[in-house]
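Chain by chain, the residues run as shown.
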Amino acid sequence: MRVLVTGAAGFLGSHLTDALLAEGHSVVGADNLCTGSLRNLKHLGHEPKFEFLKADVSAAFDPKRVDYVFNFASPASPVDYYRLGIETLMVGSAGTKNALDIAHKYGAKFLHASTSECYGDPSVHPQTEEYWGNVNPIGIRSVYDEAKRFSEALVMAYNRYHSVDTRLVRIFNTYGPRLKKDDGRVISNFMIQALKAENLTVYGEGAQTRSFCYVTDEIEGILGLSRSNEHTPVNVGNPIEWTILECAKAVLRVTGAKSEIVYCPLPQDDPIQRQPDISKARRLFGWEPKIDLETGLKLSLEYFKSCVEVPA
Ligand code: UDP
């Protein structure tokens, strides 16, 4: 296949690109580099099956005939989408529409990277795909949450009105090599802080929970969904739930750091709990993650060490 990956220079987009190339496909990777980095694609410099297109997907563009579109373009860490709020709303609306128009024009299949943020601060736990969510439509996270929810509505509309063959993956917290060291996400913050012997900044009391999926597991799940015929959303994430305080302690164990844990204010609308119910992914394409948090942190250690040694 000839595949379009939007957001190809990002954390997930670049890993997905690698996985698609490894399966023998040709990949056109589009990115405007507002949060992604060409460093994530540097190793593909001499790969004849890869083509980079510097493009803002919020403006119409034509990658020529493609068989599959993976729509991964968007700022995704809270720090990035607060900084790029309007751009985040645009890529999740005009950008998703442009990507869908490409799929419609060429008769390509389509997979959209959605998010657990569609559930907001969930009152149903763990979260199943049937839950409609608890999202503040005007809060600081709304630039991301509502853009992603609008994208889901648009994807379903193209499926219903234009018969585009679409899929929606709801991605939960994912980590691993190529996470931006300064994107403010909890795993990158804690790993970098520990490796620099700085204090670990736990927000609130650290009692809020997240469920962390190692990147190779996440990509396998996304590819599993891409081969299925399911059009409604599917959760892909690791169902093992950690409090943020436990996560900080796991980082200290893995790095061997002697850092202190310090407590900082909890950001507005920070979800109290998050854990995917992955029964649907298990049933539809037999997927479940294999790598637990401590193993994944060990696998990420060399990468984070390289971030500390070489200034970005
Ligand atoms: N967090 C933290 N310290 C940090 C960064 C994040 O305690 O240095 C917390 C944050 O408040 C949230 C959780 O870790 O409860 C996950 O935050 P992240 O930004 O990684 O992603 P989110 O799941 O909130 O989108």
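Look up a bit, the structure's there.
Residues numbered from 1 in each chain as written. Predicted model: local features only at pLDDT ≥ 70, side-chain atom pairs only at ≥ 80, totals over all residues. Heavy atoms only, no water.

(A) Structural view of the overall build of the chain. Counting its secondary structure elements, the chain contains 9 helices and 13 strands. Its C-alpha atoms give the chain a radius of gyration of 19 Å, within 12% of the compact-globule value 20 Å for 312 residues. Projected onto its principal axes, the C-alpha coordinates of the chain cover approximately 55 × 45 × 40 Å. Every one of the 312 residues in the chain was classed for burial, and the buried ones make up 56%. Taking as baseline every contact in the chain between residues at least 6 positions apart, the subset at least 24 positions apart corresponds to 81%. Taken as a whole, the chain presents about 13,400 Å² of accessible surface, with 55% of it coming from carbon and sulfur. Between the averaged position of the 34 positive side-chain charges in the chain and that of its 38 negative side-chain charges there is a distance of 4 Å. (Helix = DSSP H or I, 4+ residues; strand = E, 2+ residues; numbered from the N terminus. Rg over C-alpha atoms; globule rule 2.2 N^0.38 Å. Buried < 20%, exposed > 50% of the residue type's maximum accessible area, 1.4 Å probe, protein only. Contact = heavy atoms within 4.5 Å. Areas by Shrake-Rupley, 256 points an atom, 1.4 Å probe, with all protein chains shown as cover. Lys, Arg positive; Asp, Glu negative; His and termini not counted. Charge placed at Lys NZ, Arg CZ, Asp CG, Glu CD.)

(B) Representation of unusual backbone geometry in the model. Residue Pro126 is reached from His125 by a cis peptide bond, and omega for that bond is -10°. Structurally, the position occupied by Pro126 is in the loop between strand E5 (109–115) and helix H4 (142–162). With phi around 65°, Leu33 is a residue other than glycine that occupies positive phi space. Examined against the element boundaries, Leu33 turns out to sit in the loop between strand E2 (26–31) and strand E3 (50–54). Classification of Leu33 by relative accessible area gives partly exposed; the value is 24%.

(C) Layout of the packing of aromatic side chains. Counted according to the given criterion, the structure contains 7 aromatic pairs. Judged by centre distance (4.6 Å) and plane angle (20°), the rings of Tyr68 and Phe70 are stacked. Comparing Tyr68 with Phe70 shows no difference in burial state: the two are buried. On the numbers, 6.0 Å between centres and 20° between planes, the contact of Tyr119 with Tyr131 is stacked. Linking Tyr119 in the loop between E5 and H4 with Tyr131 in the loop between E5 and H4, this pair joins segments that are 12 residues apart in sequence. For Tyr119, a relative accessible area of 1% gives the class buried. Aromatic rings pair up to connect Tyr81, Tyr82 and Tyr144 into one cluster. (Phe/Tyr/Trp six-rings, centres within 6.5 Å; stacked < 30°, edge-to-face > 60°.)

(D) Representation of empty space enclosed by the protein within the structure. Summed over all chains, the structure comprises 1 cavity of 30 Å³ or more. Reported here for the largest cavity is a volume of approximately 40 Å³. Taken together, Ala73, Ser74, Thr88, Val91, Gly92, Thr96, His112, Tyr144, Ala147, Lys148 and Ser151 make up the full set of residues lining the largest cavity. Those elements giving two or more residues to the lining of the largest cavity turn out to be helix H3 (85–106) and H4. (1 Å grid on protein atoms, 1.4 Å probe; cavity = no way out; pocket = protein on both sides within 12 Å on 5 of 7 lines; lining within 4 Å. Points joined across faces, edges and corners; volume = space filled by probe spheres on them.)

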